[in-house]
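Analysis of the macromolecular model
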Amino acid sequence: MNTLTTFSEPIIYLIAFAIIFFETGILTFFFLPGDTLLFSLGIFAQQGVISIKLAILAVCVAGIAGNILGYYLGSFVRNKRDSSNLLQKVPEKYILKTEVYYKKYGSLTILFARFVPIVRTIAPFLAGVSYMNYKKYFSFSVIGAFLWAIAVPTFGYIFGKYVTLAHAETIAIGLMVLASVLTPAIVYLSKRYLKKG
């Protein structure tokens, strides 16, 4: 099975960059497999298919760029609240509560959101909606991206010692497909549960 290794090394970095950028920057792409992608990149780096350093760099830059986009989309929607379908139906008190929350815990939220699927997509947008201080937001976004981009691929890199390249491809594809399927399912079930509550 040589599905993934048929791509050239630069194309793999470009695909990884695009997936992370969209996952961390645009709400509708929350289902993209960020963590499993990073883990898979580490496995392939161990197999010699790609460079672990360049993979980390691509992920880090994409994560930072995505968070910047997410923040500005949030602030744009907040500014256009009267004409925005997304926030029009949200009571003002909830938006103000979000603003208070981000003033108190925004830094930690942006830092640790990187490691939580779905949350890392929503957090930047809400930071923009709440008008979180941009300098603080950017600083913790960079730190979080750096830690995430190193930690997850490193685990994959270590794991990659114990599998062959053929097995690595099967594992990588399986994990990414599973993540893409499970994430929307979790969101759907969560919404149903909250409605019942």
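Read on for a plain summary of the structure. (Residues numbered from 1 in each chain as written. Predicted model: local features only at pLDDT ≥ 70, side-chain atom pairs only at ≥ 80, totals over all residues. Heavy atoms only, no water.)

Some thoughts on the overall build of the protein
The secondary structure content of the protein amounts to eight helices and zero strands. When the helices and strands of the protein are read in sequence order from the N terminus, they spell out α-α-α-α-α-α-α-α. Looking at the protein as a whole, 42% of its 197 residues qualify as buried. Taking all contacts inside the protein whose residues are at least 6 apart in sequence as the whole, residues at least 24 apart take part in 79%. Accessible area of the protein: about 10,900 Å², with a carbon and sulfur share of 72%. (Helix = DSSP H or I, 4+ residues; strand = E, 2+ residues; numbered from the N terminus. Buried < 20%, exposed > 50% of the residue type's maximum accessible area, 1.4 Å probe, protein only. Contact = heavy atoms within 4.5 Å. Areas by Shrake-Rupley, 256 points an atom, 1.4 Å probe, with all protein chains shown as cover.)

Considering the packing of helix α2 (residues 34-46) against helix α7 (residues 134-159)
Here α2 crosses α7 at 50°, and the two axes come no closer than 6 Å. One finds that α2 runs oblique with respect to α7. Here α2 runs over α7; the crossing is right-handed. Residues Gly34, Asp35, Leu38, Phe39, Gly42, Ile43, Ala45 and Gln46 of α2 form the contact with α7, whose participating residues are Trp148, Ala149, Val152, Pro153, Phe155, Gly156, Tyr157 and Phe159. Here the residues of the contact of α2 with α7 are counted per class, giving 11 nonpolar, four polar and one charged. (Axes fitted to C-alpha atoms, helices over the stretch in contact; angles between N-to-C directions. Parallel < 35°, antiparallel > 145°, perpendicular 65-115°, else oblique. Left-handed = near helix turned anticlockwise from the far one by under 90°. Nonpolar A, V, L, I, M, F, W, Y, C, P; charged D, E, K, R; others polar.)

Topic: a nonpolar patch on the surface
Taken together, the side chains of Leu108, Phe112, Phe115, Val116, Val119, Ile143, Phe146, Leu147 and Ile150 present a nonpolar region at the surface, about 760 Å² in accessible area. Among the elements of the structure, α5 (92-113) and α7 are those that each provide at least two residues to the nonpolar patch. The element that contributes the greatest number of residues to the nonpolar patch is α7, accounting for four residues. Within the secondary structure layout, valine 116 lies in the loop between α5 and α6 (119-129). A relative accessible area of 36% means that valine 116 is categorised as partly exposed. (Patch = residues over 30% accessible without salt bridge, like charges linked within 9 Å, V, L, I, M, F, W, Y side chains within 5 Å. Salt bridge = Lys/Arg side-chain N within 4 Å of Asp/Glu carboxyl O.)

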